[in-house]
Number of protein chains: 4
Amino acid sequence: MKHLFNFHSFPFPAFLLSATGIFALLPSCYGQITDPKATEVWEPEPRVVTPGQGTKPPSDAIILFQGMNFSEWQSVKDSGDVKWYRNSDSSTTVLPGAGDIVTKRAFGDCQLHIEFRTPPVVKGEGQGRGNSGIFLQDRYEVQVLDNYQNRTYSNGQAGSIYKQSIPLVNACRKPGEWQSYDILYTAPRFNADGVLITPAHITVIQNGIVVQLNTEIKGTTEYIGLPKNKSHGKAPIRLQDHGDLVSYRNIWIREL
Amino acid sequence: MKHLFNFHSFPFPAFLLSATGIFALLPSCYGQITDPKATEVWEPEPRVVTPGQGTKPPSDAIILFQGMNFSEWQSVKDSGDVKWYRNSDSSTTVLPGAGDIVTKRAFGDCQLHIEFRTPPVVKGEGQGRGNSGIFLQDRYEVQVLDNYQNRTYSNGQAGSIYKQSIPLVNACRKPGEWQSYDILYTAPRFNADGVLITPAHITVIQNGIVVQLNTEIKGTTEYIGLPKNKSHGKAPIRLQDHGDLVSYRNIWIREL
Amino acid sequence: MKHLFNFHSFPFPAFLLSATGIFALLPSCYGQITDPKATEVWEPEPRVVTPGQGTKPPSDAIILFQGMNFSEWQSVKDSGDVKWYRNSDSSTTVLPGAGDIVTKRAFGDCQLHIEFRTPPVVKGEGQGRGNSGIFLQDRYEVQVLDNYQNRTYSNGQAGSIYKQSIPLVNACRKPGEWQSYDILYTAPRFNADGVLITPAHITVIQNGIVVQLNTEIKGTTEYIGLPKNKSHGKAPIRLQDHGDLVSYRNIWIREL
Amino acid sequence: MKHLFNFHSFPFPAFLLSATGIFALLPSCYGQITDPKATEVWEPEPRVVTPGQGTKPPSDAIILFQGMNFSEWQSVKDSGDVKWYRNSDSSTTVLPGAGDIVTKRAFGDCQLHIEFRTPPVVKGEGQGRGNSGIFLQDRYEVQVLDNYQNRTYSNGQAGSIYKQSIPLVNACRKPGEWQSYDILYTAPRFNADGVLITPAHITVIQNGIVVQLNTEIKGTTEYIGLPKNKSHGKAPIRLQDHGDLVSYRNIWIREL
């Protein structure tokens, strides 16, 4: 009987326990689960987020850029106002020489949506065509490049983690067409000695196509040399001025 | 000198090596990388995929359902033709009682896009409102449910891995509105004894909002009882007839 | 020539560049890495740890228990002194009824070594034989049980993450023999809302045999009901008084 | 009442259901789990493995080397017999010039135990002191080196994944002392196009101290240049002849 239930946790009146056939009355969660309710979990209740629609972001997103408003950004050069082009279509274009721009807020784990357009007038080749970049935590670059019929090194293509991870496929649209990155990012964890214990991971969906799938980030995305790993906390999103007329619009972020 | 370079791998003519200042001529990749080309990786070249646009899927996608064509599907009951409703707007609606439907092809690692709509006329509550489901590999369910202002157990909400993993947020649209799931899935790996060595992982983006982030799948998604893990290979995608008039459209899959 | 190197970053004297055959002199890190030094990383230098030998732990370990010294522990019941048995062989044995004991210090990511012995005199069966447990962060239990020729539910065996993860194999020694667990543990990460973003992971090696391989911990290891996930920080190691005469010795921990 | 249980799955006699207080009799797994048995999982039952003791390996291990027996190995050079030294203490020492040796069997996911000794007579420095290596799947090297008071590049130290991952600490014993690696390894997974979908992961415990913790392997461990990733299946374990008198003994492997 010991296998059927535990007397201590189940105080049936004695008359019932002695009745013939009482065990037939016992629901079979004694020994195994037979009631679907047993595996329901009611807490916590996920909070409600209203999904976006078109250019409207999800209700819990921080809008980083929309409608020519640079209030969330500053210039890296002088921590002053952003001097990039403000376009009449609510996008911005890199002002070559003005330098990179960063968000004023710092972020860790996040979902980032960003739309970009490489120049409609094609100029240059390889890395010299429509080059820019999106830096998570100010140091891990998702490459922006015009790779439409433009070969470069595979680990430097659009959708690459720059010089670290080749994209699964080349999902570029034509120059001059708006493209999107949807990025899911978890920040690295360092121990007290500054040693990396849990690397950052990133998933990138370019134009609806997965190009990075929970990719481990090996460290900073260096132009020259190998990735570096130095302990850090939350840090801004950075957009790169690489001298090309790359445009951005509709940038929002959700903290995870 | 030994720290500057290795004679064996670097056959400079002796006269050069003895020349004063020759080391100034050596590019500093001797000892450290100074040339950006050193960290370029050119192979493999990612294959080109033309991104989708609107209802047009990416060029390498297998279209599972679009335009009332059920050629990729069969009924679970009798392995015969699908009897679900064919709607004039190129969607299909569950025919209650007709049973689940499965793809004829089997899949492993994949990216799956699927659009669904819970009934515009709200009926029932909790799990009884707009219930259906999408099964990866015929056994791991991403829940489909009308959770717009409709509370149920958290691990059974829309966007949950059914009875396993609560969605990060409730990202449901209103009943009658079309919604989307973008799913990134890596299949589990079992050893020769049938023991699970690498669990399946899943990322789910509902209406553009991440609700599952590289979630480990614990086993089959059981209505009653705990997840089970039995070795299996590739298997079909399954859509559930749960008795509610849930509609589907624009379903495509990319094998990863 | 543009493919061979970049003039801007490589200021060779012009006379050399114009010389016939100069490119033969260029080390082939231009275009690709040919020098093994290019992929050397010298920083950081891993700190030196003197490995243990026999019962001597690694030099950077915190000795939690050795030689009947309970200074690192306290009783859960009253936060007072530990009342478990002090054995002459430098081990301790659970004093049934005295209750669980916890470390005074709190830990996160760690490597934990612990030796245990189930009672030489076999008494009881199933979960009633030689039962105790080791709780990481005061809430995630690695089961201690005498499973030598003693069947119980698989997810409650020695080496299981209690009621979550079945051990890969049954690696128990005979009752009365000393056994070891070597545990590698990374703590979970919760977001600001208390939602689990990165689950804990654990590797357990029992008597030199891997029984848990980077297993995701699903939440608290409940005797009754499903795992729970509530945000927490560092927390003590806890040893369980389950009423059986289980002994422990030679316990040390390294913070990762 | 609907929230308490489901009539269809619970056929109580009507007279009982109508009786006052009947619900007090229902075990509370209706609505939530109150019985510990509900979360027991009995299948599969982990198979029994007798743990090793001293030099005796676990009962399910394949003994790769013990007692001067090279029957599991062959020379890489000519696929012929191994010509390394056979020592009277049941160890073998690299015969410089004889070349690497590989197992005849191929392996994937595994636990590997291996003991090694760098030469008691110290000669050379940096990578030139007591150098050898253990290659998983014939291409992913765990470095063997005498790093006792011998600095080299961090990503080439003993315990490193060669030129990829710096060990967490330097856990070397003195030259001439036997050391151990306990390695837990899961093989990479490639898709049909040969693209890496799930990278290999490795945990390395050197002399009882974790030096690699579920480290992602980035590709082949190249002496020159960056890691490469080319689809492959099971492959042998390889031990390297790097010209130094490194010894090995007590090598066993368990397939996971």
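Residues numbered from 1 in each chain as written. Chains lettered and ligands numbered in written order. Predicted model: local features only at pLDDT ≥ 70, side-chain atom pairs only at ≥ 80, totals over all residues. Heavy atoms only, no water.

### Describing the overall build of chain A
Working step 1: Across its full length, chain A holds two helices and 15 strands.
Working step 2: Evaluated residue by residue, chain A yields a buried proportion of 60% over its 256 residues.
Working step 3: Sequence-distant contacts, at least 24 apart, represent 63% of the contacts inside chain A between residues at least 6 apart. (Helix = DSSP H or I, 4+ residues; strand = E, 2+ residues; numbered from the N terminus. Buried < 20%, exposed > 50% of the residue type's maximum accessible area, 1.4 Å probe, protein only. Contact = heavy atoms within 4.5 Å.)

### Regarding the sheet that holds strand S14 (residues 238–239) of chain C
Residue and element names in this part refer to chain C.
Working step 1: Taking strand neighbours across the sheet as the criterion, the five strands line up as S2-S5-S14-S7-S8 in an open arrangement whose pairing is antiparallel. Edge positions in the open sheet fall to strand S2 (73–75) and strand S8 (140–144), since each of these has one partner strand only.
Working step 2: Pairing analysis gives three bridges linking S2 to strand S5 (residues 101–103), with the strands arranged antiparallel. The residue bridging Trp 73 from the neighbouring strand is Thr 103, located in S5. (Pairing = 2+ DSSP bridges.)

### Concerning unusual backbone geometry
Working step 1: Geometrically, the link from Glu 43 of chain B to Pro 44 of chain B is a cis peptide bond, its omega value of -5° lying close to zero.
Working step 2: One can find Pro 44 of chain B in the loop between helix H2 (22–25) and strand S1 (62–65).
Working step 3: Within the chain, Asn 207 of chain A stands out as a residue other than glycine whose phi angle is a positive 50°.
Working step 4: Looking at where Asn 207 of chain A falls in the secondary structure, it is placed in the loop between strand S12 (201–206) and strand S13 (209–216).
Working step 5: Of note, the phi angle at Gln 137 of chain B is positive, near 50°, even though the residue is not glycine.
Working step 6: Structurally, the position occupied by Gln 137 of chain B is in the loop between strand S7 (132–136) and strand S8 (140–144).
Working step 7: The class for Gln 137 of chain B is buried, based on a relative accessible area of 3%.

### A look at the relation of the copies chain B and chain A
Working step 1: For the pair chain B and chain A, the best superposition has an RMSD of 0.0 Å and corresponds to a rotation of 180° with a translation of 0.0 Å parallel to the axis. Both copies are brought into coincidence by an operation consistent with a two-fold rotation axis. Taking the C-alpha atom as reference, chain B places Asn 214 of chain B closest to the rotation axis, 3.5 Å from it.
Working step 2: Both copies contact each other with a shared surface, as 100% of the interface residues of chain B are interface residues in chain A too. (Least-squares fit on C-alpha atoms with pLDDT ≥ 70 in both.)

### Structural notes on the interface of chain B and chain A
Working step 1: Each partner contributes to the interface: chain B provides 54 residues, whereas chain A provides 54 residues.
Working step 2: Carbon and sulfur atoms supply 62% of the area buried between chain B and chain A, which totals about 4,500 Å² over both sides.
Working step 3: Considering only the surface of chain B that becomes buried against chain A, Pro 46, Pro 51 and Arg 151 of chain B emerge as the three largest contributors, covering 12% of it.
Working step 4: For the pair chain B and chain A, the interface holds four salt bridges.
Working step 5: Between Arg 151 of chain B and Glu 43 of chain A there is a salt bridge, with the nearest N and O atoms lying 3.7 Å from each other.
Working step 6: If you look at where chain B meets chain A, you find 30 residue pairs in polar contact (both at pLDDT 80 or more).
Working step 7: Looking at the side of chain B that touches chain A, the elements with two or more residues in it are strand S9 (179–186), strand S12 (201–206), strand S13 (209–216) and strand S15 (247–255) of chain B.
Working step 8: Examining the composition of the side of chain B that touches chain A, we find that four residues originate from one element, S13 of chain B, more than from any other. (Buried area = accessible area lost by both parts, 1.4 Å probe. Salt bridge = Lys/Arg side-chain N within 4 Å of Asp/Glu carboxyl O. Polar contact = N/O pair within 3.5 Å; in protein donor to acceptor, adjacent residues only side chain to side chain.)

### Notes on the side chain of Arg 254 of chain C
Working step 1: With respect to the secondary-structure elements, Arg 254 of chain C resides in strand S15 (residues 247–255).
Working step 2: Within the structure, Arg 254 of chain C has its side chain in polar contact with the side chain of Asp 60 of chain C (distance 2.7 Å).
Working step 3: Once residues lying within four places of it in the same chain are set aside, the contact partners of Arg 254 of chain C are Arg 47, Val 49, Pro 58, Asp 60, Ala 61, Asp 109, Cys 110 and Gln 111 of chain C together with Val 169, Ile 209 and Val 210 of chain D.

### Thoughts on the sheet that holds strand S8 (residues 140–144) of chain D
By way of backbone hydrogen bonds, the strands of a sheet pair with one another, either parallel or antiparallel.
Residues and elements named next belong to chain D.
Working step 1: With respect to topology, five strands assemble into an open sheet ordered S2-S5-S14-S7-S8, the strand pairing being antiparallel. With partners counted over all chains shown, the strands left at the sheet margins are strand S2 (73–75) and S8, one partner each.
Working step 2: Where strand S5 (residues 101–103) meets strand S14 (residues 238–239), two bridges bridge the pair, whose relative direction is antiparallel. Considered in S14, the bridge of Val 102 is made with Arg 238.

### Notes on the relation of the copies chain D and chain C
Working step 1: The operation relating chain D to chain C is a screw motion whose rotation component is 180°, with 0.0 Å of axial translation and a residual RMSD of 0.0 Å.
Working step 2: When the interface residues of chain D are mapped onto chain C, 100% of them again fall at the interface, so both copies present the same face.

### A word on the interface of chain D and chain C
Working step 1: Counting from both sides, the interface comprises 54 residues of chain D and, opposite them, 54 residues of chain C.
Working step 2: Buried area between chain D and chain C, both sides added, is near 4,500 Å², and the carbon and sulfur share of it is 62%.
Working step 3: One can count four salt bridges joining chain D with chain C.
Working step 4: Secondary structure elements with two or more residues in the side of chain D that touches chain C: strand S9 (178–186), strand S12 (201–206), strand S13 (209–216) and strand S15 (247–255) of chain D.
Working step 5: Top contributing element to the side of chain D that touches chain C by residue count: S13 of chain D, with four residues.
Working step 6: Of the residues contributing to the side of chain D that touches chain C, the split by class is 27 nonpolar, 17 polar and 10 charged. (Nonpolar A, V, L, I, M, F, W, Y, C, P; charged D, E, K, R; others polar.)

### Let's talk about the environment of Cys 172 of chain D
Working step 1: Relative to the helices and strands, Cys 172 of chain D is located in the loop between S8 and S9.
Working step 2: You can call Cys 172 of chain D buried: its relative accessible area is 7%.
Working step 3: Considered as a pair, Cys 172 of chain D and Ala 158 of chain D are 14 residues apart in the sequence and their alpha carbons are 7.2 Å apart.
Working step 4: Setting aside its immediate chain neighbours within four residues, Cys 172 of chain D contacts Pro 51 of chain C together with Leu 145, Asn 147, Tyr 148, Ala 158, Gln 179, Gln 206 and Asn 207 of chain D.

### Some remarks on the packing of aromatic side chains
Two aromatic rings, taken as a pair, are described by how far apart their centres are and by the angle between their planes.
Working step 1: In this structure the tally under the stated criterion is 21 aromatic pairs over all chains.
Working step 2: Between Phe 65 of chain C and Phe 70 of chain C, the aromatic rings sit 4.9 Å apart at their centres with planes inclined by 40°, giving tilted as the arrangement.
Working step 3: Take Phe 65 of chain C: its relative accessible area is 1%, and that puts it in the buried class.
Working step 4: Overall, the relative accessible area of 7% leaves Phe 70 of chain C in the buried class.
Working step 5: Ring centres of Phe 116 of chain D and Tyr 181 of chain D lie 4.7 Å apart, and the angle between their planes is 40°; on these two criteria the pair is classed as tilted. In this pair, Phe 116 of chain D is assigned in strand S6 (residues 110–117) and Tyr 181 of chain D in strand S9, connecting sequence segments 65 residues apart.
Working step 6: What makes Phe 116 of chain D buried here is its relative accessible area of 0%.
Working step 7: By relative accessible area, Tyr 181 of chain D is classed as buried at 0%. (Phe/Tyr/Trp six-rings, centres within 6.5 Å; stacked < 30°, edge-to-face > 60°.)

### Observations regarding the pattern of salt bridges
Working step 1: Tallying each qualifying case throughout the model produces 44 salt bridges over all chains.
Working step 2: Here Arg 151 of chain B and Glu 45 of chain A are joined by a salt bridge, their closest N and O atoms 3.2 Å apart. Here Arg 151 of chain B is found in the loop between S8 and S9, whereas its partner Glu 45 of chain A is found in the loop between helix H2 (22–25) and strand S1 (62–65) on a different chain.
Working step 3: For Glu 45 of chain A, a relative accessible area of 46% puts it in the partly exposed group.
Working step 4: Each of Glu 43 and Glu 45 of chain A together with Arg 151 of chain B takes part in one network of salt bridges that share partners.

### Quick word on the environment of Asp 78 of chain B
All names here are of chain B.
Working step 1: Mapped onto the elements of the fold, Asp 78 is located in the loop between strand S2 (73–75) and strand S3 (85–86).
Working step 2: Owing to a relative accessible area of 47%, Asp 78 belongs among the partly exposed residues under this scheme.
Working step 3: When the C-alpha atoms of Asp 78 and Pro 51 are compared, they prove to be 37 Å apart, with 27 residues separating the residues in sequence.
Working step 4: From its side chain, Asp 78 meets the backbone nitrogen of Gly 80 in a polar contact 2.8 Å long.

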